[in-house]
Structure formats: structure tokens, C-alpha cells
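# Coordinates in review
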Amino acid sequence: MGTENTVILDGVGVKRALTRIAHEVLERNKGVKDLVLVGIRTGGVYLAHELALRLEEIEGEKVGVGAVDITLYRDDIKGHSEHLPVGKTDIPFSIEGKKVVLVDDVLFTGRTIRAAMDAIMDHGRPSCIQLAVLVDRGHRDLPIRADFVGRNVPTSLKENITVAFDSANKPTEVVLEK
């Protein structure tokens, strides 16, 4: 029996979801003042850049975008960290007192988000951290909830969700793999 793939969001659906998230972020934060985006490597970084473009289109103001690599902060891979490729955490601005919107592609157990929050707190003390995800698939191990969700997709533990990106790192679709 082969794997069955179902497209949850096509390219247009992804664009719509990101535009809606951008509007929700602006509404909740009353604009982009003191707002920065930090994407979790790698998919979250690509989505953070897309979100920043939409925020700029709507507000006419640029929003800072940073990237956080959580490899060394993961709680489920202690002892294996010397074998893991470590990406770069690149937050080219102060997050002190800023409203940080953490961006990731898929929210699952919440462990990645907890690790990303630890990494961000090592860079300073933001006034708040909010979470934006393209897909929330459930199955939380930690009490973490996204503030902004593109699509809720209840999944079984056997299923997987993949966000596909093109060569320019633009999201092209979200696929449920059974």
C-alpha cells in the first residue's frame, strides 16, 4: 500500500492564509510599531519573510525579520547534538521590549516552539512573544497554543504534514501524507 497525499492548501490557499494571518497580527498589535518577526529554521524563516512582505504591503512599513535555529535547544536530542548540523540564529536587531511574532510552518507537539522561545530569551527580553503557524496539526505535548493559525488540520500520529517551498523559498503547497 503506497502513501496517499492530500493537498490541504494549494499556492493560492497558502497566500490567502498568510494574508489573513498578516491582518490578524496587525489587528492584535495595532499596527507594526515595535513588531518583529522571528522565523524558526528553515520553513518558518521563509514564511516569516512572506509575512513581512504582506505586513509591508498593508502598512507601508518594513518589519524586521530574524531567524532562530533551535537545534541546540531541543529537549529530545540531548546527547546527540554533536552530530547535528546547526543552522545560524540571525536576529539582526534588538528584541528588548519588542513584540516578537515567532513564525513556524507546522505546529505539532510544541517542543520546537518551547526551544525557540528559550533561544529568543537568550537574545533579550521581548515585551511579548506571539506564535504564528501556517498549520496546526494538534497532538501537543506541552501547553502551547498558536495565536495565529493559517489552517487547523487534525491528524493522526501516523500522518505527516509537509509545507513545500519552491527554489525561491516561496511556499507552494501544504500536503497531508497518510
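Here's a quick rundown of the structure. Given the structure is predicted, the values throughout are model-derived calculations rather than measurements. (Residues numbered from 1 in each chain as written. Predicted model: local features only at pLDDT ≥ 70, side-chain atom pairs only at ≥ 80, totals over all residues. Heavy atoms only, no water.)

## Observations concerning the layout of surface pockets
Condition: We place a 1 Å grid over just the protein atoms. Points where a 1.4 Å probe fits but has no way out form a cavity, open points with protein on both sides within 12 Å along at least 5 of 7 lines form a pocket, and any residue with an atom within 4 Å of a point lines it. Grid points are joined across faces, edges and corners, and a volume is the space filled by probe spheres set on the points. Secondary structure is summarised from DSSP: a helix means a run of H or I of at least four residues, a strand means a run of E of at least two, and numbering begins at the N terminus for each. All amino acids are sorted into three groups, where Ala, Val, Leu, Ile, Met, Phe, Trp, Tyr, Cys and Pro are nonpolar, Asp, Glu, Lys and Arg are charged, and the leftover types, Gly among them, are polar.
Looking at the largest pocket, its volume works out to about 380 Å³. Lining of the largest pocket is provided by 22 residues; of these, Arg74, Asp104, Asp105, Val106 and Thr112 occupy positions nearest its centre. Those elements that provide at least two residues to the lining of the largest pocket are α2 (43-59), β4 (99-107), α3 (111-121) and β7 (160-165). In terms of residue count, the dominant contributor to the lining of the largest pocket is β4 (4 residues). Residue composition of the lining of the largest pocket, by class: 7 nonpolar, 8 polar and 7 charged.

## Digging into the environment of alanine 146
Let me state the cut-off plainly: Every residue pair with non-hydrogen atoms within 4.5 Å of one another is taken to be in contact.
Turning to its location among the elements, alanine 146 is positioned in the loop between β5 (128-136) and β6 (148-152). Through-space distance from the C-alpha of alanine 146 to that of asparagine 5 is 25 Å; in sequence the pair is 141 residues apart. Among residues more than four places away in sequence, those in contact with alanine 146 are Leu107, Leu131 and Val133.

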